[in-house]
Amino acid sequence: MATPVNPADINPRQVANKSDKKALLDAIRMTLSVQSPAVRRNTQTFNRNRYAATALLPDYNELKDRARQIKEDAIANLPRLLEQLEASVRANGGHFYLAKTAADADQYIRDVLLRHEAKLVVKGKSITSEEIKLNHALEAAGITVAETDLAEFILQVADEQPSHIIAPALHYSRERITALFKRKFNTDLPLDTGEELTVFAREKLRQQFIAADAGISGANLIAADSGSLMLVESEGNIRMTMTLPPLHIALAGIEKVVPSRTDFGTFIELLPRSGTGQPLTSYVSILHPPLKAPSFAAPGKAAKPREFHLVLIDNGRSRMREDPILHEALYCIRCSACMNCCANFETVGGHAFGGETYSGGIGGSWEAGTGTLMNARFSELCTGCSRCVTQCPVRIDIPWLNENLRQRMNVEQPSSAAKSAFGAMTGSASEDRVAPLQKQFFANYHVMAGEAARFPAMANAVTRLPLVRGLMESVVGLDRRRKLPPFPPKTWEQLYRDEHADNRPRAAKSASADVLMFADVFTNYGSPERGMAAMRVLREVGINVELSPSSPDGRAAISQGMIATARRQASALAQLLLPHLEKGRVICVLEPSVLAMFRSDYEHLLDAGTWEKFARASFMEPLQALLSIAKEHGTDLSQIFRASKSPHGTRVFYHSHCQQRSCDAAWQTIEVLRSCGFDVVTSSVECCGMAGSFGYKREYYELSLAVGEDLFAQVRVAEQEGGPRTLVASGTSCHEQLWAGMGREVIHPVELLVSTLG
Ligand code: SF4
Ligand code: SF4
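Everything numeric in this text was worked out from a predicted model, so none of it was measured.

1. Brief notes about the packing of helix α1 (residues 21–55) against helix α33 (residues 701–720)
In step 1: Packing of α1 against α33 brings their axes to within 12 Å, and their N-to-C directions diverge by 30°. Relative to α33, the element α1 lies roughly parallel. As for the relative orientation of α1 and α33, their crossing is right-handed in sense. Along the contact surface, α1 presents I28, R29, L32, R40 and Q44, while α33 presents E702, L703, A706, V707, E709 and D710.
In step 2: Its residues assigned to classes, the contact of α1 with α33 comprises five nonpolar, one polar and five charged.

Put into structure tokens, the structure is as follows:
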């Protein structure tokens, strides 16, 4: 048996390439054991600051639309812009080189430096140089490379790859940096504060700036009409890299080209706010190289004439541009908002949720586009929660990119008779029957749940047997440590039918609205009483509500990358709902992940005509509908649902679902509960970490619970003041995570409201 690796002994470089599945699992354990506290603190600070900074922008949405439009147009016209840029750079007196591959770029830069007999190069932060492994290529030619960004300097000393796109060493705590410097520089200097560390690094770097023969920088944007470069930074080191040495080489991907310098303004507004939450970074440089001012000359030496080279690299980007899905990744402006708002990234950072160069939700597309598809395996850590979609300044649908990567990786798997037979049995589309058993199992949850619902007592007894849990773990990867919620005696559909049979009063008190409640599979098979409570709440304010038949909506399948299966399920469900949409009925959806499907994901799954009908229709979370009707009719909800009558008490801790917030359907619940007299404390975590099947999977169970820990801690803090609170949550996954992590009952807001009715 292989000796288990101590996670603390793993160097991040050893697990940078995640095409090996074991590397991904080792990286998760390593980051959880070593890096997580620093990653959490830093990303969550950026995230909070971003919310605050963007809230102050009155035209935030228009800026995002403009940024998206500029990038879309630039990528569409890229060949023409590159020609124009080449002419501009040459007219300015600079050199232009378009490198087809990483090796071409390395060779060109190395040759330029050798021609200049450069011995020492200072480098400002450039993720593209990491992509082409430039340091390695230059050092092999005898050229010393000095990283001048403090974070890159730390990584160079530690020999690690970046873990974050704008703060590459954010996984380092101050204490770990002190220990690293003391060990590597063998010094007794006091290095116990941030200031002492910065002074120490600055002294070392200053000597390098003075002695450097050349400077290599990146570029945030490049204007085709003038050859101008735009760079934003915090330390001023990039400005020195570009201006002190006589030879300046700027290296960037071809996607950084925009038509004009006038386009820079939009991105200067968005980039720092989306990244660190600063209104502006300390240094914003707009350069028009080669510079006219003389270069720096050490005392007693003559200044050399300036020379400028712009090296643009393709390295797979043209292929990405032609790709119907991956081309969207080229709009990325590398701000990091998608990482800082991602609960999984916040917990493990880019050394687990990342590859050799790129990380986070968008990183998978970049690793696949500039490397190989299997390098994008870490994108499995994208749970599809969609929190990043509304935070991205260029509105990239990151989960959709990752679902497609997953689908492509599924196809790369060898087919087998077992997978085909299981797929046929469970209803996977034929294209998806190559997907691993685990994915097919979770994608077709409704089939398994449907069978269990026929004999729930037996299903519950069997799935509790250790032997069965062991079998489920080894065959479909369902972690045996995860608590399984029991199947209820009856489904939502059955309870609804019983209600009809009993002929109990169920009609609205006055039919002022006509709502169809969608029986999603999660509530139908898992929490039918919750579904009935939702219908009762709506009826209490006079809404006439009926239940639809239960049908899979595609959420479970799309999250496994089984897009053909998801499309088939979505089309079948659309046929079921269309007659109601055409009548203008409001469709209420209790499960937020399904609400998000109807509101946005179906754009990718339905034909254009059907999607148009969905896009126009009214899909609502039940308490959204409740609040809207109450406001329309001037109903005082506290007269119907009196918090003081609830056996659960009036003090509650409410956690809204990630997709509910992305759909802007969460604040209504809080407003309803407060208006009924509940004292509500809300969670501020982006996601509970359960994320559908994610927290059930053997590979991700530990990460899922680690993510959940932030939520559990918020509950504990809230309860330190004034005692216990009833746990209330809106999503099935959130219920399961809170129930497993805190070992306590969790109820839905509709159940809380019903409890007030006696
Ligand atoms: S969809 Fe959620 S999990 Fe995926 S990258 Fe975005 S924030 Fe992270
Ligand atoms: S995908 Fe969007 S949010 Fe993420 S780094 Fe790129 S621009 Fe920023």
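2. Description of the site of ligand 1
In step 1: In the vicinity of ligand 1, the residues found are C342, G361, C382, T383, G384, C385, S386, C388 and P399.
In step 2: Of the residues contributing to the shell around ligand 1, the split by class is five nonpolar, four polar and no charged.

3. Brief notes about the site of ligand 2
In step 1: In the vicinity of ligand 2 lie 13 residues, with C332, C335, S336, C338 and C392 positioned nearest.
In step 2: Of the residues that constitute the shell around ligand 2, the class distribution is 11 nonpolar, one polar and one charged.

4. Some thoughts on helix α27 (residues 592–605)
In step 1: Along α27, the helix axis deviates most sharply at F598, where the bend reaches about 50°.
In step 2: When we look at burial in α27, the residues that qualify are P592, S593, V594, L595, A596, M597, F598, D601, Y602 and L605.

5. Some details on the sheet that holds strand β10 (residues 307–313)
In step 1: Strand order across the open sheet formed by six strands is β1-β10-β7-β4-β2-β3, with parallel pairing between neighbours. Every interior strand has two partners, whereas the edge strands, β1 (95–99) and β3 (144–147), have only one. Taken pair by pair, the neighbouring strands of this sheet meet at an average axis angle of 20°, ignoring direction.
In step 2: Along the sheet, helix α4 (residues 102–115) contacts β1, β2 (120–123), β4 (214–217), β7 (247–253) and β10; its crossing angle with β10, the most-contacted strand, is approximately 170°.

6. Structural notes on the packing of aromatic side chains
In step 1: Evaluation of the coordinates by the stated rule reveals 18 aromatic pairs.
In step 2: Seen from their ring centres, F518 and F598 are 5.4 Å apart, and the 65° between their planes marks the pair as edge-to-face. Of this pair, F518 sits in strand β11 (residues 513–518) while F598 is found in helix α27, placing the two residues 80 residues apart along the sequence.
In step 3: Centre to centre, the rings of F614 and F619 are 5.4 Å apart; their planes meet at 25°, and the pair counts as stacked. Each of the two residues, F614 as well as F619, counts as buried.
In step 4: Three or more aromatic residues joined by ring pairs make a cluster, and in this case those are F518, F598, Y602, F614 and F619.
In step 5: If you follow R176 out to its NZ or CZ, it ends over the ring of Y172, 4.2 Å from the centre.
In step 6: The ring of W739 has K483 lying over it, and the distance from NZ or CZ to the ring centre is 4.1 Å.

Criteria and thresholds
Throughout this description, residue numbers start from 1 for each chain and increase along the sequence as written. For this description, chains carry letters from A and ligands carry numbers from 1, given in the order in which they are written. Local features in this predicted model are restricted to residues whose pLDDT is 70 or higher, and side-chain atom pairs enter the listing and the counts only when it is 80 or higher, whereas totals over whole chains, interfaces and linings include all residues. Side-chain figures throughout are based on the complete set of non-hydrogen atoms in the structure, without hydrogens or water. With axes taken as lines fitted to C-alpha atoms, and helix axes fitted only over the stretch in contact, angles between N-to-C directions fall between 0 and 180 degrees. Counting from the N terminus, the helices are DSSP H or I runs at least four residues long and the strands are E runs at least two residues long. Here the angle decides the label: under 35 degrees means roughly parallel, over 145 means roughly antiparallel, 65 to 115 means roughly perpendicular, and every other value means oblique. Should the near helix be turned counterclockwise from the far one by less than a right angle, the crossing is left-handed, whereas a clockwise turn marks it as right-handed. Residues count as neighbours in contact if any of their non-hydrogen atoms are within 4.5 Å of one another. We call Asp, Glu, Lys and Arg charged. Ala, Val, Leu, Ile, Met, Phe, Trp, Tyr, Cys and Pro are nonpolar, and the rest, Gly among them, are polar. For this purpose, a residue is taken to be near a molecule or strand whenever a single non-hydrogen atom of the residue falls within 4 Å of it. Note that bend, as reported per residue, equals the angle between axes fitted to the 7 residues terminating at that residue and the 7 residues originating from it. A 1.4 Å probe rolled over the protein chains alone gives each residue an accessible area, and that area as a share of the maximum for its type sets the label: buried under 20%, exposed over 50%, partly exposed in between. At least two DSSP bridges between two strands are needed for those strands to be called paired. Stacked, edge-to-face and tilted are the three classes for Phe, Tyr and Trp ring pairs, Trp counted by its six-membered ring, which pair at centre distances within 6.5 Å; planes under 30 degrees apart are stacked, over 60 edge-to-face, the rest tilted. Think of it as a cone above the ring: NZ of Lys or CZ of Arg counts as a charge over the ring if it is within 6 Å of the ring centre and within 35 degrees of the ring normal.

Spatial relationships are all this shows, so hold off on functional conclusions.
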